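Here are the chains, one letter per residue:
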Amino acid sequence: MGNEELVNLFHARARRRFRRGLKRKPLALMKKLRKAKREAEEGEKPEAVRTHLRNMIIVPEMIGSVIGVYNGRVFNQIEIKPEMIGHYLAEFSLSYKPVKHGRPGIGATHSSRFIPLK
């Protein structure tokens, strides 16, 4: 499958981005990923490549690579799998801690004033 056929399978925003061309930073990331794959021993995972490019769209060339995606605090290690094609790197490295809904804390409502502090 060629690049043109692949781009046609992406959603509208990704199609627009590829049609306008890859910029310097995404190309530099691809170059680092190729180098890491080349230097990896046969049957071994390539060394992780760290990046801040959360808006990079995953393409088939990246499959098998290990990428450290920055979430604002740490680099989360992601191994690229075929199902991830067309998604953004940011989707696999959450930048926030999901809310755990439970009992209300202090100051949540007026009635929370009457909850005894143990």
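Description of the structure in this document. Since the model is a prediction, treat every value here as computed from it, not as a measurement.

### Considerations on the pairing of strand β3 (residues 75–79)
No. 1: Looking at chain direction, strand β2 (residues 66–70) and β3 are connected through 5 bridges and run antiparallel. The residue bridging Gly 68 from the neighbouring strand is Gln 77, located in β3.
No. 2: Following β2, the chain reverses through 4 residues before pairing antiparallel with β3; Gly 72 in that reversal takes a positive phi of roughly 105°.

### Focus on the packing of aromatic side chains
No. 1: Taken as a whole, this structure holds 2 aromatic pairs when the rule is applied.
No. 2: Relative to Phe 18, the ring of Phe 10 lies with its centre 5.6 Å away and its plane at 40°, an arrangement referred to as tilted.
No. 3: For Phe 10, a relative accessible area of 6% translates into the label buried.
No. 4: Judged by its relative accessible area of 21%, Phe 18 falls in the partly exposed class.
No. 5: Seen from their ring centres, Tyr 70 and Phe 75 are 4.8 Å apart, and the 50° between their planes marks the pair as tilted.
No. 6: Overall, Phe 75 belongs to the partly exposed group, its relative accessible area being 23%.

### Looking at the nonpolar core
No. 1: If you look at the biggest cluster of nonpolar residues, it comprises 16 residues, and the most contacted ones within it are Leu 29, Leu 33, Met 56, Met 62, Ile 67, Ile 80 and Leu 89.
No. 2: In terms of residues, this core owes the most to one element, helix α3 (residues 24–39), which gives 4 residues.
No. 3: Once residues within four sequence positions are removed from consideration, Ile 80 is found in contact with Ile 58, Met 62, Ile 63, Gly 64, Ser 65, Ile 67 and Leu 89.
No. 4: By size, the runner-up hydrophobic cluster in this structure holds 5 residues, among which are Leu 6, Phe 10, Ile 57 and Tyr 88.

### Quick notes on α3
No. 1: End to end, α3 covers 23 Å across 16 residues, agreeing with the expected 22 Å (1.5 Å per residue, within 8%).
No. 2: Buried within α3 we find Pro 26, Leu 29, Met 30, Leu 33 and Ala 36. Take α3 and look down its axis: the buried residues cluster within an arc of 125°, on one side only. Seen from the buried face of α3, the exposed residues on the opposite side, beyond 90 degrees, are Arg 24, Lys 31, Lys 32, Arg 38 and Glu 39.
No. 3: Among the structural elements, α2 (12–19), β1 (49–51) and β2 are those in contact with the buried residues of α3.

### Points about a positive patch on the surface
No. 1: On the surface, Arg 13, Arg 16, Arg 20 and Lys 23 cluster together to form a positively charged patch.
No. 2: Along the chain, the position of Lys 23 falls in the loop between α2 and α3.

Thresholds, definitions, all that
- Residues numbered from 1 in each chain as written.
- Predicted model: local features only at pLDDT ≥ 70, side-chain atom pairs only at ≥ 80, totals over all residues.
- Heavy atoms only, no water.
- Pairing = 2+ DSSP bridges.
- Helix = DSSP H or I, 4+ residues; strand = E, 2+ residues; numbered from the N terminus.
- Phe/Tyr/Trp six-rings, centres within 6.5 Å; stacked < 30°, edge-to-face > 60°.
- Buried < 20%, exposed > 50% of the residue type's maximum accessible area, 1.4 Å probe, protein only.
- Core = buried A, V, L, I, M, F, W, Y, C linked by side-chain atoms within 4.5 Å.
- Contact = heavy atoms within 4.5 Å.
- Expected span 1.5 Å × (residues − 1).
- Arc of directions from axis to C-beta.
- Patch = residues over 30% accessible without salt bridge, like charges linked within 9 Å, V, L, I, M, F, W, Y side chains within 5 Å.
- Areas by Shrake-Rupley, 256 points an atom, 1.4 Å probe, with all protein chains shown as cover.
- Salt bridge = Lys/Arg side-chain N within 4 Å of Asp/Glu carboxyl O.
- Lys, Arg positive; Asp, Glu negative; His and termini not counted.
- Charge placed at Lys NZ, Arg CZ, Asp CG, Glu CD.

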